[in-house]
Amino acid sequence: MIFLASRLSLSLCRRAETSAVLEANLRGRNHSPFSKSQQQLRTFAADTVYKFTVTPKHLETVKATLPLVGQAGTDFTKHFYRRMFAANPGLLNVFNQTNQAVGSQPKKLLETVAVAASAAIETGELPGEAIEGICQKHAALHITLEQYAVVGENLLGTIEDLLTTDQAVLEAWGALYQEIATVFVTREKEIADKVASVPGSWSGRRRFKIVDKEKVSSVITRFKFEPLDGKPTPEFEPGTYTTIWVPFPEGEECLHGAYKEQPRHYTLAMPRDGEPKNRYMSISVKKEGLVSSILHDSDIGTEWDLSAPHGCFVMSGVEKLWLTENDVPVVFLSAGVGITPVLAMLENIYKTRPASWLHAAQNGDVHAYRDRLREISAIRAGELIRRVWYEDPLPEDGPPAGDGANPDLYNTNHETVPH
Ligand SMILES: Cc1cc2nc3c(=O)[nH]c(=O)nc-3n(C[C@H](O)[C@H](O)[C@H](O)COP(=O)(O)OP(=O)(O)OC[C@H]3O[C@@H](n4cnc5c(N)ncnc54)[C@H](O)[C@@H]3O)c2cc1C
Ligand code: HEM
């Protein structure tokens with residue numbers, strides 16, 4: 001097993017071997033379990049089921065050692081990231097370093113490997129639905145084959161450092177990781193190809209500048225970006241997001257070293273009525289921590305790198321249902337800045353579909369896009385049912401619905417009525 005050999009060393013030469021094995025795996029795999037016509041029909045791989053081909057012997061070994069990995073828990077995760085960043089400081093720029101400091105998100109990578117291991121043991125299958133969101137995120141971040149090899153080396157290195165040096169165990173986990181990585185890389189390549197094939201779209205990063213900033217609540221600002229190359233931007237599915245990379249040229253200290261840039265994702269807002277469809281990309285950002293604060297403080301004309309639209313939190317599946325059921329109700333539920341993807345969806349369908357809009361916010365001051373929702377309600381009188389809950393209303397928000405009260409507002413004790 002070349003992969004097993006490669007994991008015994010962190011040398012670049014061995015890492016190249018690991019990438020080569022992944023690459024060979026991809027070539028041998030014929031890239032997709034779908035026929036071409038099926039591929040054209042589906043919008044994302046939720047219906048795909050990947051079948052594991054790891055040998056029963058490897059699976060038995062993984063099964064026997066999976067509890068050890070589980071027991072090591074947080075120590076395993078911490079050790080994995082510590083050793084990976086120490087040998088590959090460039091990856092500090094790829095991973096969200098606030099997530100590393102706070103702690104819950106980093107567990108997800110290794111938890112998913114463990115979940116995939118359980119799936120391999122129990123059913124021998126990995127549902128495409130379970131990994132689509134992850135693959136979209138990886139594709140948006142442009143995770144490379146070589147980076148998969150680095151993660152694999154460090155996964156096995158962590159097992160070896162903390163749990164066992166038994167070669168059979170390392171070989172079994174190596175085989176399983178290689179297979180999971182192949183499934184991910186294959187899907188991510190499909191996503192990248194599909195994204196790049198959309199007119200106006202691009203691979204990698206594209207340079208944009210801020211051409212407009214508009215406050216949509218006291219804490220959320222809408223940013224309008226225009227590409228520097230002056231070429232069109234792509235149309236996108238409502239609910240998809242762009243990735244934005246913020247540079248820190250001087251280097252910023254963090255838990256594992258110093259990073260020089262950080263990526264974050266932001267849902268794309270639909271163009272406003274009358275705005276050209278293929279000229280701008282807009283996002284609505286809540287001022288929170290590192291990157292969002294820098295965005296809020298940046299002036300019109302500031303340049304940023306953006307990714308093309310990615311993501312699978314979209315309405316495509318529902319649209320398929322509409323082909324057969326005309327009166328399927330649409331209910332949008334959101335809270336706080338979580339309004340952004342569902343507002344994009346509502347903007348896309350409100351002219352043709354009745355819908356219910358349920359939104360929760362802290363109070364009227366931070367309630368984004370309230371005027372826009374009132375406008376849509378007025379245009380679609382009777383077709384858009386709108387309910388808003390404030391957790392901590394301000395005096396000027398008025399009492400919940402009733403005579404002379406705020407017509408938007410309901411609280412959990414109030415019986416909601418259509419208006
Ligand atoms: C698919 C997707 C779409 C998204 N769409 C949007 C969108 O449309 N609009 C939007 O505003 N956001 C959106 N987000 C969230 C966005 O990507 C960022 O996560 C968000 O802007 C916060 O990033 P930041 O760098 O400003 O804050 P970070 O620095 O990442 O901090 C995040 C939070 O952690 C807190 N924090 C920082 N350090 C610590 C610490 N040591 N301990 C405890 N807490 C800490 C911060 O105060 C902050 O509240 C989306 C995320 C995803 C994944
Ligand atoms: C088979 C291997 C991998 C698995 C199972 C995996 C799993 C995951 C999961 C579950 C998430 C969270 C997704 C979400 O919250 O929506 C995630 C996010 C992420 N992954 Fe992976 N991943 C793998 C490989 C990689 C590799 C090779 C890299 C790059 C070296 C990488 C970089 C990231 C980054 C940067 C994020 C965003 C979250 C963050 O920055 O903390 N992943 N991955």
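What you are looking at is a predicted structure, and each value in this text was computed from that prediction instead of being measured.

A. Spatial organisation of the overall build of the protein. Within the protein, the secondary structure is distributed over 13 helices and 12 strands. When the 419 residues of the protein are sorted by exposure, 34% land in the buried category. Considering only intrachain contacts with a sequence separation of at least 6, the fraction spanning at least 24 residues in the protein is 72%.

B. Seen up close, the nonpolar core. In this structure, Trp173, Leu176, Ile180 and Phe184 are the most contacted members of the largest nonpolar core, which totals 42 residues. Those elements that place two or more of their residues in this core are helix 4 (56–87), helix 6 (107–122), helix 7 (128–141), helix 8 (145–162) and helix 9 (167–197). Grouped together as the second largest cluster of nonpolar side chains are 34 residues, Tyr241, Ile339, Leu346 and Ile376 included.

C. Quick look at the site of ligand 2. Every one of the 24 residues lining ligand 2 counts as a neighbour, but Asn96, Lys108, Thr112, Gln147 and Val151 are closest to it. At the level of secondary structure, the elements contributing two or more residues to the shell around ligand 2 comprise helix 6, helix 7, helix 8 and helix 9. The greatest single-element share of the shell around ligand 2, amounting to five residues, is contributed by helix 7. Considered class by class, the residues forming the shell around ligand 2 number 15 nonpolar, seven polar and two charged.

D. View of the site of ligand 1. Around ligand 1 there are 21 residues in total, and Thr98, Gly289, Leu290, Val291 and Ser292 lie nearest to it. Taken domain by domain, the shell around ligand 1 gets at least three of its residues from each of domain 1 (2–197) and domain 2 (205–307).

E. Structural context of the sheet that holds strand 4 (residues 220–227). Spatial ordering of the closed barrel is given by 3-4-7-6-5-8, a layout of six strands whose pairing is antiparallel. Neighbour to neighbour, the strand axes of the sheet diverge by 45 degrees on average, direction disregarded. The pairing of strand 5 (residues 241–254) with strand 6 (residues 257–269) spans 10 bridges and is antiparallel. Bridge pairing links Glu253 to Ala258 in strand 6. Contacts between helix 12 (residues 339–349) and the sheet are confined to strand 6 and strand 7 (281–286), with strand 6 contributing the most and set at about 30 degrees to the helix.

F. Representation of the pairing of strand 5 within the structure. Counting the residues in the hairpin turn of strand 5 and strand 6 gives two residues. Relative to strand 8 (residues 303–307), strand 5 runs antiparallel, the two being bridged by two bridges. Bridge pairing in strand 8 places Trp245 opposite Asp305.

G. A look at the pairing of strand 3 (residues 205–215). Both strand 3 and strand 8 contribute to a ladder of five bridges, which runs antiparallel. Across the sheet, residue Arg205 finds its bridge partner in strand 8, namely Ser307. Two elements, strand 3 and strand 4, share seven bridges in a ladder whose sense is antiparallel. Note on strand 4: the bridge partner recorded for Lys209 is Glu226. The antiparallel hairpin formed by strand 3 and strand 4 contains four residues in its connecting segment.

H. Region of interest: the environment of His310. Relative to the helices and strands, His310 is located in the loop between strand 8 and helix 11 (316–324). In this structure the C-alpha to C-alpha distance between His310 and Ala192, which are 118 residues apart in sequence, comes to 9.0 Å. Residue contacts for His310: discarding those within four places in its chain leaves Gln136, Ala139, Ala140, Val195, Thr240 and Tyr241.

I. Structural context of the packing of helix 4 against helix 6. Here helix 4 crosses helix 6 at 170 degrees, and the two axes come no closer than 10 Å. In terms of orientation, helix 4 lies roughly antiparallel with respect to helix 6. Between helix 4 and helix 6, the residues in contact are Leu59, Val62, Lys63, Leu66, Val69, Gly70, Phe76, Thr77 and Phe80 and Lys107, Leu110, Ala114, Ala117, Ser118, Ala120 and Ile121, respectively. Among the residues making up the contact of helix 4 with helix 6, the classes are represented as 11 nonpolar, three polar and two charged.

Rules used throughout
- Residues numbered from 1 in each chain as written.
- Chains lettered and ligands numbered in written order.
- Predicted model: local features only at pLDDT ≥ 70, side-chain atom pairs only at ≥ 80, totals over all residues.
- Helix = DSSP H or I, 4+ residues; strand = E, 2+ residues; numbered from the N terminus.
- Buried ≥ 20, exposed ≤ 12 C-beta atoms within 10 Å, placed from the backbone.
- Contact = placed C-beta atoms within 7 Å.
- Core = buried A, V, L, I, M, F, W, Y, C linked by C-beta atoms within 7 Å.
- Near = placed C-beta within 6 Å.
- Nonpolar A, V, L, I, M, F, W, Y, C, P; charged D, E, K, R; others polar.
- Domains from an automatic or database assignment.
- Pairing = 2+ DSSP bridges.
- Axes fitted to C-alpha atoms, helices over the stretch in contact; angles between N-to-C directions.
- Parallel < 35°, antiparallel > 145°, perpendicular 65-115°, else oblique.

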